[in-house]
Amino acid sequence: MQAKDSNPPDGGYGWVVVVSAFMVMGLTAAVLKTFGLFFVEIQQHFDELASTTSWITSVTIAIFHLGAPVASSLCVRYTHRAVVITGGLLAFSGMALGFLGLNMVWMYATTGFLQGLGISFSWTPAISIVSHYFSKKRALANAIASAGECAFAFTFGPFFQWLINQYGWKGALLIIGGIQLNICVCGVLMRPLTSSCLLEASHSETETPLGNGASRIDKDDKSLITHKTINWMLVRQPEFVLYAIFGILAAVSFFVTPLFLVPLSYSLGIDESWTASLLSILAMVDFAGRLLCGWYANLHVTKTVHLLTMTITLISTSLMLLPLANNYLSLAIFTGFYGFFFGTTVAVHITVLADVVGMPDFDSALGLFMLIRSTGGFVGPPLAGLIVDMAGDYRAVFYMAGATLVLSAGFLVSLDQLQQRKERVSQTNTKPRKSTLPYTSPCLLKLQNRRENVKEGRKGWITFK
């Protein structure tokens, strides 16, 4: 199998890759988002506290992020295609073994660890290869790919609830694991570019035989082959550090909200069938938000970091209003606001990362960003569960999530200010400097030229007295 051209085609087979990534997002992130339907079932089965049960999702989220640097490294060594297929097999194993439901520790190890590793090995290469296939249309392509999470979550909400009612939560886990095997099919369709198939390219295309039997690698391709998988020097860049801190705080909020939306609905006395529809509403408006924001970002009217700051502020506002709901209608309305603005955020946050570090370091930065952000995803659900146990009310979780997002928006503002300051300094240094030489009249210049001609033996002799 030969690697293709390393220049982003911005179309063509890239759209097949986008559709494959669309499916992967749905079979990974959408499953994680709708796992709240299993929360109460597992809690009642093992008779555990909310904080104890929430560790299942916490472990999944943490491994999802911690596995990202490993997934990035494996993408460079074995291609994105191979890593996605491996992720599909791991995700299936996690759900299939979780079907046994031996004890809570077993759930941490299977539905938590294995499922999280499978999601990481599938999600990270899928979103990465889309960015490699597109340059000018990167924001739109990422938005379409990430929208798979919403499209699948829209149907997964009522479908998972039906599976639980028909086969119990254990049988539902086994069936979902079988569905996740389709990730392997999507991985097969992810044909690697040169930049994502470095090892293969270095052995099959870039070696040129020399006279003494040795081999030589072309300079252009060598720069790709020696590309560092994890560039740890990124942690010394203030822009990346600010964005990573934003990611930590945002992760605390993002993974908490869908997990505790279902228990909040139950606490308000809403029927479980209507509760499942809340997840469908969340997915539907999320889908619309991603496509609309991706289309708008593709127009390049507003800087992506400005757009992200605005959407984060709107999400925090909607989270602060969500606990005011006291019936299904009001809860559905506030959930819709949150879902729409969440979708707009997801549509551009990967594009902002590419703008911050540049495409040469994007793979490395994505893995490192996910690794750092894992702390927020790991701490968020248990912290929220502890708040619920202490306050005795699920509303407190959403106030905490909203306040955390307000704080994260402050780091985006700092990032934008730092970028603008560097742009002003760069523009100042590149301005042409005024000449410090004394002014010389045109007549004197002509005279000086004629004198030079005289010295060189050319025509135009002039006698100066």
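Since the model is a prediction, treat every value here as computed from it, not as a measurement.

Asker: Would you explain the overall build of the protein chain in this entry?
Answerer: Assigned secondary structure in the protein chain consists of 16 helices and two strands. Out of the 465 residues belonging to the protein chain, those deemed buried represent 53%. When contacts within the protein chain are restricted to residue pairs at least 6 apart in sequence, long-range pairs at least 24 apart make up 84% of them. For the protein chain, the exposed surface amounts to about 20,700 Å²; the carbon and sulfur share of it is 64%.

Asker: So what exactly am I meant to see when it comes to helix α10 (residues 257-267) here?
Answerer: Every α-helix carries 3.6 residues per turn, so stepping three or four residues along brings you back to the same face. Judged by how many residues are buried, α10 sits mostly within the fold: nine of 11 residues are covered. One or two residues past the end of α10 sits Gly269, with phi positive at roughly 80°.

Asker: When you look at the pattern of salt bridges in this model, what are you seeing that I'm missing?
Answerer: Oppositely charged side chains are able to pair whenever their charged atoms sit close together. One pass over the structure, following the stated rule, counts five salt bridges. A salt bridge links Glu149 to Arg290; its shortest N-O distance comes to 3.1 Å. Linking Glu149 in helix α5 (residues 138-180) with Arg290 in helix α11 (residues 272-298), this pair joins segments that are 141 residues apart in sequence. Each member of the pair, Glu149 together with Arg290, is buried. Here Asp286 makes a salt bridge to Arg290, at a shortest N to O gap of 2.8 Å. With a gap of four residues between them, Asp286 and Arg290 both fall in helix α11, about one helical turn apart. The same class applies to Asp286 and to Arg290, which are both buried. Residues joined in a network through salt bridges with shared partners are Glu149, Asp286 and Arg290.

Asker: Please explain a nonpolar patch on the surface as it appears in this structure.
Answerer: Residues Trp55, Phe378, Val379, Leu383, Leu386 and Met390 make up a contiguous nonpolar surface patch of roughly 550 Å² in combined accessible area. Per-element tally for the nonpolar patch: the top contributor is helix α14 (residues 362-391), with five residues. Relative to the assigned elements, Leu383 resides in helix α14.

Asker: Looking at this structure, how should I read the layout of surface pockets?
Answerer: Over the atoms rolls a probe the size of a water molecule, and its path tells where empty space is left. Each pocket or cavity is described by its volume, and for the second largest pocket that value is around 160 Å³. Taken together, Ser135, Lys136, Lys137, Arg138, Ala139, Ala297, His300, Thr302, Lys303, Thr304, Thr351 and Asp355 make up the lining of the second largest pocket. Every element with two or more residues in the lining of the second largest pocket is listed here: α5 and α13 (328-357). Of the residues that constitute the lining of the second largest pocket, the class distribution is two nonpolar, five polar and five charged.

Asker: Can you help me understand the environment of Ala145 in this one?
Answerer: Topologically, Ala145 is positioned in helix α5. In this structure Ala145 touches Val18, Ala21, Phe22, Met25 and Val130, once residues within four positions along its chain are discounted.

Asker: Before we go on, may I ask you to explain the confidence of the model for the protein chain in this structure?
Answerer: In regions of low pLDDT, the predicted coordinates are not meant to be interpreted in detail. Residues at a pLDDT of 70 or more form 83% of the protein chain, whose mean pLDDT is 78. Averaged pLDDT values over the elements of the protein chain bottom out at 38 in helix α7 (residues 198-204) and peak at 92 in helix α6 (residues 182-188). Predicted confidence for residues 195-227 stays below pLDDT 50, and this span has 44 contacts to residues more than four positions away or in other chains. Across residues 458-465, confidence stays below pLDDT 50; counting only partners more than four residues off in sequence or on other chains, it has nine contacts.

Asker: Where do I start with empty space enclosed by the protein in this structure?
Answerer: For the structure shown, the criterion picks out three cavities of 30 Å³ or more. If you add up the space inside the largest cavity, you get close to 480 Å³. Around the largest cavity, the lining comprises 32 residues; the ones closest to its centre are Glu149, Phe255, Phe342, Val346 and Arg373. Sorting the residues of the lining of the largest cavity by element identifies α1 (14-33), α3 (50-98), α4 (104-133), α5, α9 (238-254), α10, α13 and α14 as the ones contributing at least two each. Sorting elements by how many residues they give to the lining of the largest cavity places α13 first, with six residues.

Asker: Before we go on, may I ask you to explain helix α12 (residues 304-321) in this structure?
Answerer: Helix length check: α12 (18 residues) gives 26 Å between terminal C-alpha atoms against 26 Å at 1.5 Å per residue, within 8%. Turning to α12, its buried residues are Thr304, Val305, Leu307, Leu308, Thr309, Thr311, Ile312, Ile315, Ser316, Ser318 and Leu319.

Asker: I would appreciate a short explanation of unusual backbone geometry in the present structure.
Answerer: Most peptide bonds adopt trans geometry, and most residues besides glycine take a negative phi value. In the Ramachandran plot, Thr79 falls in the positive-phi region, its phi being about 80° despite a non-glycine side chain. Structurally, the position occupied by Thr79 is in helix α3. A relative accessible area of 10% means that Thr79 is categorised as buried.

Asker: What is the right way to read the nonpolar core from this model?
Answerer: Across soluble globular proteins, you tend to see nonpolar side chains buried next to one another. Grouped together as the largest cluster of nonpolar side chains are 116 residues, with contacts concentrated most on Phe38, Ile42, Tyr243, Phe260 and Leu353. At 15 residues, the largest contribution of residues to this core is made by α13. Ignoring anything within four residues of it in the chain, the contact list for Ile42 reads Phe35, Thr53, Ile56, Met104, Met107 and Trp169. One finds Ile63, Ala71, Cys75 and Leu117 within the second-largest nonpolar core, a separate group that totals nine residues.

Asker: What should I look at first to understand the environment of Thr34 in this one?
Answerer: Tracing the chain through its elements places Thr34 in the loop between α1 and α2 (36-46). Spatially, the C-alpha atoms of Thr34 and Phe152 are 9.8 Å apart, while their sequence positions differ by 118 residues. Discounting residues that sit within four places of it in the chain, Thr34 has contacts with Ala153, Phe156, Gly157, Phe160 and Leu279. At 2.8 Å, the side chain of Thr34 and the backbone oxygen of Ala30 are in polar contact.

Rules of the game
Residues numbered from 1 in each chain as written. Predicted model: local features only at pLDDT ≥ 70, side-chain atom pairs only at ≥ 80, totals over all residues. Heavy atoms only, no water. Helix = DSSP H or I, 4+ residues; strand = E, 2+ residues; numbered from the N terminus. Buried < 20%, exposed > 50% of the residue type's maximum accessible area, 1.4 Å probe, protein only. Contact = heavy atoms within 4.5 Å. Areas by Shrake-Rupley, 256 points an atom, 1.4 Å probe, with all protein chains shown as cover. Salt bridge = Lys/Arg side-chain N within 4 Å of Asp/Glu carboxyl O. Patch = residues over 30% accessible without salt bridge, like charges linked within 9 Å, V, L, I, M, F, W, Y side chains within 5 Å. 1 Å grid on protein atoms, 1.4 Å probe; cavity = no way out; pocket = protein on both sides within 12 Å on 5 of 7 lines; lining within 4 Å. Points joined across faces, edges and corners; volume = space filled by probe spheres on them. Nonpolar A, V, L, I, M, F, W, Y, C, P; charged D, E, K, R; others polar. pLDDT = per-residue confidence, 0-100. Expected span 1.5 Å × (residues − 1). Core = buried A, V, L, I, M, F, W, Y, C linked by side-chain atoms within 4.5 Å. Polar contact = N/O pair within 3.5 Å; in protein donor to acceptor, adjacent residues only side chain to side chain.

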